[in-house]
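# Summary of structural features
Here is what each chain is made of, one letter per residue.
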Amino acid sequence: MTRKLVSVSDMSRQWWDKLYSQCCDIIARPEVYSDSCRGKLFASMFYEPSTRTNFSFQAAAQRLGAGVFGFSDPLGTSASKGETLADTIRMTASYSDTIVIRSPQEGAATAAALYSEVPVINAGDGGHHHPTQTLTDLATIAQKRGKIEHLRIGICGDLKHGRTVHSLVDAMRMFEGISFCLISPKELRMPEYILEKMGTQGQQFDESESLADRIPELDILYMTRVQRERFHDAAEYRRLKDVYILTKKMLEGAKPDMLVMHPLPRYGEITTDVDTDPRAAYFEQARYGMFIRMSLLLEFLHQPRLAPAPVSAGQTAKECSNPACITQSDFYLPKLVSELGADRCGYCDKKFPKMTI
Ligand code: NCD
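## Remarks on the sheet that holds strand β5 (residues 120-125)
- Reading across the sheet, the 5 strands line up as β1-β5-β4-β2-β3 and stay open at both edges, with parallel pairing between neighbours. Each end of this open sheet is capped by a strand with a single partner; those strands are β1 (4-5) and β3 (67-71).
- With 4 bridges connecting them, strand β4 (residues 98-103) and β5 associate as parallel partners. When the bridges of β5 are listed, S103 appears paired with D125.
- This element, helix α4 (residues 108-115), spans β1, β4 and β5 of the sheet and lies at about 160 degrees to β5.

Laid out in structure tokens, this is it:
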């Protein structure tokens, strides 16, 4: 049984099928589930701003009859006094039945899961992963198209920093006949560790810089926001922020049943005249997010409390050079090996710098 959802690697096709079929039943008969988590408590730890993910988790918990506690501003917690993530997690786990964590630091949820007696859900770790947005995306595609297979999916925008699309492409390995068109300027290309993994998994993809040229061939167009908060250079952000703007006019050349998806929030990359086009699926997508999160919480809130495996102190912080990685602030974290190879950080998946002697 899966006890955590830190990345899409924690999911199997069988697990997804069960989660989605339960989600369909929740959509059809919500009243049956309204007391299914009565007496359970879910902890919501948001170290970074959120509207949809935070609200949909809270709504999901309350629609199952569960209670919620937590924060959406870490300034109100002991993190602001310098408490380590490990200590905050140990304590929060002792009060709750499942923890949901969002952090600007990559690998924060992986680190949290090492210290938690209860299931941990990653609600976004920096520019790394966002697996519950992927559940939302899969549920939307399944609801709107009937099945998830044989689709040409265009992913457009900031593929470098957009954590939702990192998780989405990874999840699509579970489904047949999926091919991707990765549309971005060179500066915002999909990170090499994701492209490498797609290659290893035999996923079909090509890259393009033109949205207009590629729209006609797509079954799904997944737009993303240029992630201002992940840029080190404000001028570079300003230069790239309006690089793709989807308008109603551009949809004239698209397939009549193409879906336009977006994790939201948007920041000008889809004009509001697209909202009334029947192909616009992004607001429904946000609603399906609540139902699939209900299904996920139903899985996790009833799991037994289990002591985490002992962890030994390590030296990861000295090896990883990614300034956004959790190992840069939490030096006590043990060394973890990335599933992508021993030359990568087990928290953020970035390659360790070459040692110079
Ligand atoms: C996304 C996120 O936070 O990564 N939003 C979401 O969770 N629905 C996308 C974004 O912020 O652009």
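So, next bit.
## Focus on empty space enclosed by the protein
- The tally for this structure, following the rule as stated, stands at 3 cavities of 30 Å³ or more.
- Reported here for the largest cavity is a volume of approximately 100 Å³.
- Taken together, 13 residues make up the lining of the largest cavity; nearest its centre are H129, D170, Y193, I194 and K197.
- Looking at the lining of the largest cavity, the elements that each hand over two or more residues are α6 (163-171) and α7 (192-200).
- If one sorts the elements of the lining of the largest cavity by residue count, α7 sits on top with 4 residues.
- Of the residues assigned to the lining of the largest cavity, the class counts are 5 nonpolar, 4 polar and 4 charged.

## Topic: unusual backbone geometry
- Residue P265 follows L264 across a cis peptide bond; omega there is 5 degrees.
- Its place among the elements puts P265 in the loop between β10 (259-261) and α10 (282-301).
- Phi at L264 is positive, roughly 65 degrees, even though this residue is not glycine.
- Tracing the sequence through the fold places L264 in the loop between β10 and α10.
- Judged by relative accessible area, L264 falls into the buried class, the value being 12%.
- Positive phi outside glycine occurs at D349, with the angle close to 70 degrees.
- Here D349 shows up in the segment after β12 (341-345).

Rules used in this analysis
- Residues numbered from 1 in each chain as written.
- Predicted model: local features only at pLDDT ≥ 70, side-chain atom pairs only at ≥ 80, totals over all residues.
- Heavy atoms only, no water.
- Pairing = 2+ DSSP bridges.
- Helix = DSSP H or I, 4+ residues; strand = E, 2+ residues; numbered from the N terminus.
- Contact = heavy atoms within 4.5 Å.
- Axes fitted to C-alpha atoms, helices over the stretch in contact; angles between N-to-C directions.
- 1 Å grid on protein atoms, 1.4 Å probe; cavity = no way out; pocket = protein on both sides within 12 Å on 5 of 7 lines; lining within 4 Å.
- Points joined across faces, edges and corners; volume = space filled by probe spheres on them.
- Nonpolar A, V, L, I, M, F, W, Y, C, P; charged D, E, K, R; others polar.
- Buried < 20%, exposed > 50% of the residue type's maximum accessible area, 1.4 Å probe, protein only.

Function cannot be read off these values alone, since they describe shape.
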